[in-house]
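# Results of the structural survey
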Number of protein chains: 2
Amino acid sequence: MIKKFSDLLIGRPLANEKGSREKYNIPFGLAIMASDAISSVAYGAQEILFVLIVLGATAYQWLTWTSLMIIGLLAILTISYIQIINAYPQGGGAYKVAKENLGAKAGLCASGGLIISYILTVAVSASAGADAIISAFENLAPYKVQMVVLLIIILTVLNLRGISESSKIFALPTYIFIFSMIFMILYGLFKYFVLHIHPEPMYTVPDRTVSGITLLLLLKAFSSGCSALTGVEAVSNSVPNFQEPSPRNAKIVMALLALLIFFIFGGTSVLAIFYTAVPLEGGPTVVSQIAFAVFHKSFMYYVLQFSTATILLMACNTAFTGFPMLMYIVGKDGYAPKQFTLRGKRLGFSVGIVALSFIACLLVIFFQADTHRIIPLYAIGVFISFTLGQFGMVTHWVKTKGKKWKQGVVINGIGSVVTLCTTLIILVEKFTEGAFIVIILIPLFILGQLKIKAHYDKIAAGLSVSRLRLNKVDFKLHYEHIIVVPIASLNKASIGALQYAHSLSGRVIALNISPDTEAMEKLKRRWNQLNTDMELISKYSPYRAVVTPLLENIYQIADEAGDKEKLTVIVPQFMTKEPWSGLLHNHTGLFIRESLLKKGNIIVATYPYNLDQEEDEEE
Amino acid sequence: MIKKFSDLLIGRPLANEKGSREKYNIPFGLAIMASDAISSVAYGAQEILFVLIVLGATAYQWLTWTSLMIIGLLAILTISYIQIINAYPQGGGAYKVAKENLGAKAGLCASGGLIISYILTVAVSASAGADAIISAFENLAPYKVQMVVLLIIILTVLNLRGISESSKIFALPTYIFIFSMIFMILYGLFKYFVLHIHPEPMYTVPDRTVSGITLLLLLKAFSSGCSALTGVEAVSNSVPNFQEPSPRNAKIVMALLALLIFFIFGGTSVLAIFYTAVPLEGGPTVVSQIAFAVFHKSFMYYVLQFSTATILLMACNTAFTGFPMLMYIVGKDGYAPKQFTLRGKRLGFSVGIVALSFIACLLVIFFQADTHRIIPLYAIGVFISFTLGQFGMVTHWVKTKGKKWKQGVVINGIGSVVTLCTTLIILVEKFTEGAFIVIILIPLFILGQLKIKAHYDKIAAGLSVSRLRLNKVDFKLHYEHIIVVPIASLNKASIGALQYAHSLSGRVIALNISPDTEAMEKLKRRWNQLNTDMELISKYSPYRAVVTPLLENIYQIADEAGDKEKLTVIVPQFMTKEPWSGLLHNHTGLFIRESLLKKGNIIVATYPYNLDQEEDEEE
């Protein structure tokens, strides 16, 4: 029944051979890759305003400058990433670039940053998506956390099913969002400059609490706005997913993406100034206020809110493809648990999908789905991996000295300096708001990943048998088998186990530990009825413990055994189909097995005696 | 470390031989047996007043009549129980008497009633104890539930230690309570009648809301007051615990106990009338109000409150001895899980103690430690077992026709009619207040107990080997052993398992299921390097599942095997000491083992390969 439910929810298993995916053309690739980056504008301008609003009405004039700085950063990042596409046509995420050029620890640092930013992409995008819906339908506000968790769970199920089949549909909301945003910006400008409609601000701008702009405040606003740039790395990570010539197509998509971010982010900032959108905690978002000022509550307003919500969910979804793939690559290198490298029955990396969803849900619940509180943690992780990727590229050019390597050094050199500075600005400005958590987590991640690698290496080394030694393995050796059968009484299960043991070896010891002298005597009497020369060791346990003295006796036999002797313990166990029968019996067998196996040189077997079957046969 | 902590908390293990308990003399036996019964007066009069208070001031006049009815019932019960002591000098609880005379189902019904009443004794007594403390120290009121749970946990730990050693001390609070209650009653009467001090009531009596007494109201008050009689059965259950001549001593204690209940319960009721104690939800208890009226906040008031709390905790404690003992007796008969029949390391029945404490704590939390809400569930369970015990005795006299059997029939006949009527009254009057829960639970208990018995009987029958057949067991038979070793690759663990398997049988099959064709090819190449004639079956799993196809292949081998062939599966498993290593590996071995054992005719062994040990040896 569980299987049927799982089939219904997740779909039937897919064979390995169905694994080849469709390749992206330019418009489709843009739609898939753009969602994360473009959707960031839904909260980028708002985050800047949250910082600058302490200046009162002057905030809007400085919004222009901050936005320009961010657009400048976007230009640098775009050119730098086109360099990465040139150098890594097989796809070069920050992890790969940093690991290959700067060493394993830099790679792990980048992967740590990426892991954090993927998790936060889910938490932030799903929460911002809910914000967009709530801006339109205010009475949903009390159910925000439940809504966000539900959205994440739906995405989890879709991704466990594998969404590649239907993903062409996903291009639609991205384009609806892009075109409605462009339409909003153009129509907003038209209304303002041509129709000269200058509506009153809906919300009053708070009075200034700070006398004037300072460099610190500007940097803080800049660091907040950097959240608008998260997601631009997506294209360079998945160059091979594009149709041939894939590097060229990827570069075109990258350039188009930058243009779109430039236009939509810049346009939103400009409209926020003209229509005086006010950042509100818990109220409608800045984009929603602009949309309302431009369209009022017309059809277009709802189209915009819904497409904002949809594109945010798609951004969320990019993490659901990116994170499991990252964990697969890291896991293949041995730095993450091997479970992440196994494809589920629908070919997705189920463990990664479920882990991502679980942690993101915890974060959403902990932060009560408040994007404004989660974002400070977000940008820092992204920019750490940006920086490492750029530095890695500089090293790459210097090492390889390929075509146009000097140009590469200059471009990625500028990129690395700028991203490093941005990382430091975000780190300092957002330190107490949450960036410190990332600074604590990343070293822990690196340490954990190294420990995992060491563990796997140790096991591989401990287990490995070289090819040359394989044909020297001796299968002719004959152990002398000593078999111990722990018994509580003589019944069909224990007699069966003794018969089985006797057929394997001439040296069988029945071991009995009893807290009850009467039962002990009875066992001895019955044992003497048996027609056997097997040895019965029966010991009284005055403290009623059974497991410990049993283990001690077995260890003693093991210690006395010689090199050629092999000790096997056979535990008789009756089996019954009744599911609740486990509650009615002691699980001595289980304890014994786990403890003995830890010793490492004792083989533990379970001899099952099926009560239900016996009955069937007799009937 | 866990063991050390457990030793500190529970004490070191005690040997079986330390099991003989001290026998009670009359004063000590009275103190131990009396706590449950006498402590009931702490809430008995109050429960009656809660019902009658709808009559306003007239309530107090009817309190006298209700109390007289209950004292009459007490007299009948006392005489009936002395009969049980006569007939069952080895101790006859309601379960035993009902089972032996009325059949197994009646016994199980009685044991169901007793189980419920023991659990409720703990919940009610601990909550009432907290009430007594809170009456004296009102600012503890918000922490009542926590206090009650803590008290129950302390009692649990004490009982796991085994409290017999120190139980002589327990006589002290009982006698302090008895003497201070007697002193309060005498001094209260003295103040009222001799000193003519008639204090104003502290709380105003509510106006009457019901025009006059009705039979229904009186019966309801009576059924509420019956909670004062819970615990009178304790003596008859533990006759053998008394010094010789034990039946005589038990009967003396029974009579003394009845006298004490008569005097204390009667006296409290009388004082409640003279000093106009008002039943209050959440306020001071009736006994506390009387004590305050008599002693004001003098030293004696606090002595009384504390000894009330202490005796209630001791009443609680009687359940901690009674319940595990009952479960032991029922478990020995096969009607309860066998775990209840095992003595813990301190000789107490740990499972019973912990189970009792756990369920009682849940009840306390659910009912927010409100005695008034728990009591309706309480009395019904007790009176069901009273009734069955009495009917059992009537049958006993008729069957045995021993000395004075006619007198016995008359006494227990009256007892059975009266207890049956009381049970019915409580059932009807308290039905909606909680008695219906008991009516649902008891049949479920009986059903569950019968199912448990059937399960054990089936297993015993399925496993048993008669004495005559023991010496016909053939230890000369030689199975043909087929051994399957599931392997993923050739490493030290799997090669070790193959060597071990080969030394046991000439027919070893290495079974490989691989979702990865490359790994499969590699295994085959390496297998060919081996100097062996063992068979390798390697199968490709297009859906990536490993466990299911592995099991299917093993089942197929099992099905093809003949009667003389015995299939053993040996699972290689590497062991490492690192505690978190379990998180980094798949637990395929575990799944395989559990699934194969269910099949019932395949022996499953685990071949451990200890990585840490190997390293030690090499170093």
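Position numbers for residues count from 1 along each chain, tracking the sequence in the order it is written. For this description, chains carry letters from A and ligands carry numbers from 1, given in the order in which they are written. Local features in a predicted model are, by the rule used here, given only for residues with pLDDT of at least 70; side-chain atom pairs are given and counted only at 80 or more, and totals for whole chains, interfaces and linings are based on all residues.

## Focus on the overall build of chain A
- When its secondary structure is counted, chain A shows 23 helices and five strands.
- Relative to its length of 619 residues, chain A is extended, with a C-alpha radius of gyration of 33 Å against a globular reference of 25 Å.
- Once the C-alpha set of chain A is aligned to its principal axes, its extents read approximately 110 × 60 × 50 Å.
- For the purpose of contact definition, each residue receives a C-beta atom placed from its backbone, and two residues are in contact when these atoms lie within 7 Å. Taking as baseline every contact in chain A between residues at least 6 positions apart, the subset at least 24 positions apart corresponds to 81%. A run of DSSP states H or I qualifies as a helix once it reaches four residues; a run of E qualifies as a strand once it reaches two. Both are numbered from the N-terminal end. Just to be clear, the radius of gyration here is over C-alpha atoms, and the globule rule we use is 2.2 Å times residues to the power 0.38.

## Looking at the sheet that holds strand 2 (residues 507–514) of chain B
- When DSSP locates at least two bridges between a pair of strands, those strands are taken to pair. Reading across the sheet, the ten strands line up as 3(A)-2(A)-1(A)-4(A)-5(A)-5(B)-4(B)-1(B)-2(B)-3(B) and stay open at both edges, with mixed pairing between neighbours. Edge strands, defined here as strands with exactly one partner in the open sheet, are strand 3 (535–540) of chain A together with strand 3 (535–540) of chain B. Between one strand axis and the next, the sheet turns by 25 degrees as a mean value, whatever way the strands run.
- Pairing analysis gives five bridges linking strand 1 (residues 480–486) of chain A to strand 4 (residues 565–575) of chain A, with the strands arranged parallel. Paired with H481(A) across the two strands is K566(A), which belongs to strand 4 of chain A.
- The sheet contacts of helix 19 (residues 492–504) of chain A involve strand 1, strand 2 (507–514), strand 4 and strand 5 (602–610) of chain A together with strand 4 (565–575) and strand 5 (602–610) of chain B, and relative to strand 4 of chain A the element is tilted by about 155 degrees.
- Note on geometry: axes are C-alpha line fits, over the in-contact stretch for helices, and angles between N-to-C directions span 0 to 180 degrees. Taken strand by strand, helix 22 (residues 588–599) of chain B contacts strand 4 and strand 5 of chain A together with strand 1 (480–486), strand 4 and strand 5 of chain B, and its axis lies near 160 degrees from that of strand 5 of chain B.

## Some thoughts on the environment of P199(A)
Residue and element names in this part refer to chain A.
- Position of P199 relative to the elements: it lies in the loop between helix 8 (171–193) and helix 9 (215–225).
- A residue is classified by how many C-beta atoms lie within 10 Å of it, and P199, with 14 of them, is partly exposed.
- The spacing of P199 and S80 is 119 residues in sequence and 41 Å in space, taken between C-alpha atoms.
- Residue contacts for P199: discarding those within four places in its chain leaves Y275 and A293. Using C-beta atoms placed from the backbone, we call a residue buried if 20 or more other C-beta atoms fall within 10 Å of its own, exposed if 12 or fewer do, and partly exposed for counts in between.

## Overview of the domain arrangement of chain A
- An automatic or database domain assignment supplies the start and end points of every domain. Partitioning chain A into structural domains gives domain 1 (8–13 + 27–454) and domain 2 (480–618).
- Each of domain 1 of chain A and domain 2 of chain A has a C-alpha centre, and the two are 61 Å apart.

## What about helix 5 (residues 94–102) of chain A?
All names here are of chain A.
- Within helix 5, seven of the nine residues are buried, leaving the element largely enclosed by the surrounding structure.
- All of the buried residues along helix 5 are A94, Y95, K96, V97, A98, K99 and N101.
- As for helix 5, its buried residues are in contact with helix 4 (59–87), helix 6 (104–136), helix 13 (299–332) and helix 15 (371–400).
- Looking one or two places after helix 5, you find G103, whose phi comes out positive at around 105 degrees.

## Digging into the interface of chain B and chain A
- The interface is formed by 69 residues belonging to chain B together with 69 residues belonging to chain A.
- Gly is put with the polar residues, along with every residue not named as nonpolar or charged; the nonpolar set is Ala, Val, Leu, Ile, Met, Phe, Trp, Tyr, Cys and Pro, and the charged set is Asp, Glu, Lys and Arg. In terms of residue class, the side of chain B that touches chain A is made up of 32 nonpolar, 23 polar and 14 charged.
- Across three bridges, the pairing between strand 5 of chain A and strand 5 of chain B is antiparallel. Note that in strand 5 of chain B the partner of V604(A) across the bridge is T606(B).

## Re the packing of helix 4 (residues 59–87) of chain B against helix 9 (residues 215–225) of chain B
Residue and element names in this part refer to chain B.
- For the pair helix 4 and helix 9, interaxial distance at closest approach is 9 Å and the crossing angle is 55 degrees. The angle between helix 4 and helix 9 falls in the class oblique. Every pair of crossing elements has a handedness; the one defined by helix 4 and helix 9 is right-handed. Contacts between helix 4 and helix 9 involve W62, T66, S67, M69 and I70 on the former and, on the latter, L218, A221, F222 and G225.
- Each residue belonging to the contact of helix 4 with helix 9 can be placed in one class, and the counts come to six nonpolar, three polar and no charged. Note on terminology: angles under 35 degrees are roughly parallel, angles over 145 are roughly antiparallel, angles of 65 to 115 are roughly perpendicular, and the others are oblique. Helix crossings are classified by the rotation of the near helix relative to the far one: an anticlockwise turn of less than a right angle makes the crossing left-handed, while a clockwise turn makes it right-handed.

## What about the relation of the copies chain B and chain A?
- Relative to chain A, chain B is turned by 180 degrees and slid 0.0 Å along the rotation axis, the superposed coordinates differing by an RMSD of 0.1 Å. Taken together, the rotation and translation relating the two chain copies correspond to the operation of a two-fold axis. If distances are taken from each C-alpha of chain B to the rotation axis, the shortest is found for A605(B), at 1.8 Å.
- Of the interface residues in chain B, 97% have counterparts in chain A that sit at the interface too, so the contact is made through matching surfaces. Residues reaching a pLDDT of at least 70 in both copies supply the C-alpha atoms on which the copies are superposed by least squares.

## Description of the pairing of strand 4 of chain A
All names here are of chain A.
- Burial of strand 4 is extensive: nine of the eleven residues sit out of reach of the surface.
- Bridge count for strand 4 against strand 5 is nine bridges, and the pairing is parallel. Bridged to P572 within strand 5 is Y607.

## Considerations on unusual backbone geometry
- Residue P245(A) is bonded to the preceding E244(A) through a cis peptide linkage, with omega at -10 degrees.
- Checked against the element boundaries, P245(A) lands in the loop between helix 10 (234–237) and helix 11 (246–274).
- Residues other than glycine seldom take positive phi values, yet T276(A) does so here, at roughly 45 degrees.
- With respect to the helices, strands and loops of the structure, T276(A) is situated in the loop between helix 11 and helix 12 (286–295).
- One non-glycine residue, H296(B), adopts positive backbone phi at about 50 degrees.
- A count of 10 C-beta atoms within 10 Å places H296(B) in the exposed class.

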